[in-house]
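In case you want the letters, here they are:
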Amino acid sequence: MLTKNIHFDSKCVHSGVGEYEHGPVVPPIYQTSTFKFVNTDQGARLFKGEEDGYIYTRMRNPTIEALENAVAELEEGHKALACSSGMAAINTIFTSLLEKGNHVVCSESLYGPTRLLLETIFNKFGIETSFVNTSNLTEIEDAVKSNTKLIYIETPGNPTLAITDIEQTAKIAHSSKSLLVVDNTFMSPALQQPIKFGADVVLHSMTKFLNGHADVIAGVIVVKNEELYSIIRKTLNQTGGVIDPFNSFLVHRGLKTLSLRMQRHSQNAQVVAEFLENHSKVKWVSYPGLKSHPQYDVAQKQHYGSGGMISFELKGGIEAGKTLMNNVKLCQLAVSLGGVESLIQHPASMTHFSLGKENREKAGITDGLVRLSVGIENVNDIINDLEQSLKKISF
Ligand SMILES: *Cc1c(COP(=O)(O)O)cnc(C)c1O
């Protein structure tokens, strides 16, 4: 395909688009659950795998495949499998690769439901997880046991933006015969390509930056080789967490502007992070593009840009944070992230509430932490909005 030797920006526009009847420029939406066979012999050949073709949309669909091919190409992976949500992608990975008696080493600063899935569901099936600070490689090494099967990292981690060195973690995983899984939702392949640094499996909540328009729930799994693809594909087909054709079409449409959007998210967030860091009412700011970030050097090595996510705390703690969040006008008070609009939220009472105070404190998720997903609006409008709201805080 022509997309092999072109720049990432161009790949976003062209990847995954195949040839279709009548020559459409965009993959058509094959909104069908099933596909007709020519005759019984052909149906049988398709089921045996002797002939290439479509049978049933839970198994294969051209609109879904177009999106999967695009994401695999952008992540520089072998192949991809699109799922009905980011959580469906994570669940499919665990269900595919873990069995009773296995152990997982997992980042402690991560998407809340991922932790709950391991702690409250997979532990029922005899799978044990150690949650550690994966920014510290020694903590990962110390947590690995003879039955460790997966090292699962989220980097930058939600919501603290703690960064894990992917290359070094892959070395630890492979020397202990385990696999490295990376949740790349916060960066997207425009800013970080974990497979290049040795990751075996990469996943995204495509709900966020990949789709980019806050109107779809979807996920994706990207694998580095055919062996992993066939195991995970079989599980996804049997457990059913597949995406549908219309959502695939929407995400594929969003991908075309991924590179442009990520550049703007990163530019805006850098300016907003510096504005906050220099503001008298702000206690601390965590952003991978700030020299004050504890893993700034690792960020420089594995990122192509610093992304759109910022976390910070005000000097007045949670009460001041609430005043800020209740008075913004352009920024929307809502969970989720990665859309074109700026979103602000409070992890301790919202996205990370269900983790409990003890787990939050250990992971560095303070009660006063505010998470901001910087959108692609004009940066002066975002700053003016934050400034007028910060003025409402009196202390
Ligand atoms: C949102 C999110 C998920 C879960 O994705 P859904 O599409 O909501 O199921 C997983 N990981 C990260 C980092 C996320 O931000």
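Engineer: Account for the site of the ligand, naming residues and giving values.
Structural biologist: As a matter of local geometry, the ligand sits amid 14 residues, with Met87, Asp183, Ser205, Thr207 and Lys208 nearest to it. A distance of 2.9 Å separates an oxygen atom of the ligand from a polar atom in the backbone of methionine 87. Threonine 207 is positioned with one of its side-chain polar atoms (N or O) 2.7 Å from an oxygen atom of the ligand. For the ligand, whose free accessible area comes to 380 Å², the fraction covered by protein is 94%. Sort the elements by how many residues they give to the shell around the ligand and helix 4 (residues 86-97) lands first, with 3 residues. A per-class count over the shell around the ligand returns 6 nonpolar, 5 polar and 3 charged.

Engineer: Quick one: what's the story with helix 5 (residues 112-121), residue by residue and with numbers?
Structural biologist: Regarding helix 5, the residues found buried are Gly112, Thr114, Arg115, Leu117 and Leu118. In this structure, the buried side of helix 5 is in contact with helix 4, strand 2 (103-107), strand 3 (128-132), strand 4 (148-154) and helix 13 (357-362).

Engineer: Any details on the pairing of strand 4? Residues and values, ideally.
Structural biologist: A regular strand places its side chains so that they alternate between the two faces of the sheet. Burial analysis of strand 4 places 6 of its 7 residues in the buried class, the great majority of the element. Pairing of strand 4 with strand 5 (residues 179-183) involves 5 bridges; the strand directions are parallel. Paired with glutamate 154 across the bridge in strand 5 is aspartate 183. Between the parallel pair strand 4 and strand 5, the chain is carried across by helix 7 (residues 166-175), and the sense of this crossover is right-handed.

Engineer: Would you mind going over the domain arrangement of the protein chain in detail, with residue names and values included?
Structural biologist: Entries for the protein chain in the domain assignment read domain 1 (8-255) and domain 2 (258-390). Summarising the inter-unit geometry, the C-alpha centres of domain 1 and domain 2 are found 26 Å apart. Listed as interface residues are 47 residues of domain 1 and, on the opposing side, 42 residues of domain 2. With both chains or domains summed, domain 1 and domain 2 bury close to 3400 Å², and 60% of this area falls on carbon and sulfur atoms. When the area that domain 1 buries against domain 2 is broken down by residue, the three leading residues are Ile163, Leu191 and Phe209, summing to 21%. At the boundary of domain 1 and domain 2, one finds 3 salt bridges. Across the salt bridge formed by glutamate 108 and lysine 362, the nearest N and O atoms sit 2.8 Å from each other. Linking domain 1 to domain 2 there are 24 residue pairs in polar contact (both at pLDDT 80 or more). Going through the elements one at a time, helix 1 (8-14), helix 5, helix 7 and helix 9 (245-255) are the ones with two or more residues in the side of domain 1 that touches domain 2. Per-element accounting of the side of domain 1 that touches domain 2 gives the leading share, 4 residues, to helix 5.

Procedures and definitions
- Residues numbered from 1 in each chain as written.
- Predicted model: local features only at pLDDT ≥ 70, side-chain atom pairs only at ≥ 80, totals over all residues.
- Heavy atoms only, no water.
- Near = heavy atom within 4 Å.
- Polar contact = N/O pair within 3.5 Å; in protein donor to acceptor, adjacent residues only side chain to side chain.
- Areas by Shrake-Rupley, 256 points an atom, 1.4 Å probe, with all protein chains shown as cover.
- Helix = DSSP H or I, 4+ residues; strand = E, 2+ residues; numbered from the N terminus.
- Nonpolar A, V, L, I, M, F, W, Y, C, P; charged D, E, K, R; others polar.
- Buried < 20%, exposed > 50% of the residue type's maximum accessible area, 1.4 Å probe, protein only.
- Contact = heavy atoms within 4.5 Å.
- Pairing = 2+ DSSP bridges.
- Right-handed = clockwise from strand over helix to strand, strands pointing away.
- Domains from an automatic or database assignment.
- Buried area = accessible area lost by both parts, 1.4 Å probe.
- Salt bridge = Lys/Arg side-chain N within 4 Å of Asp/Glu carboxyl O.

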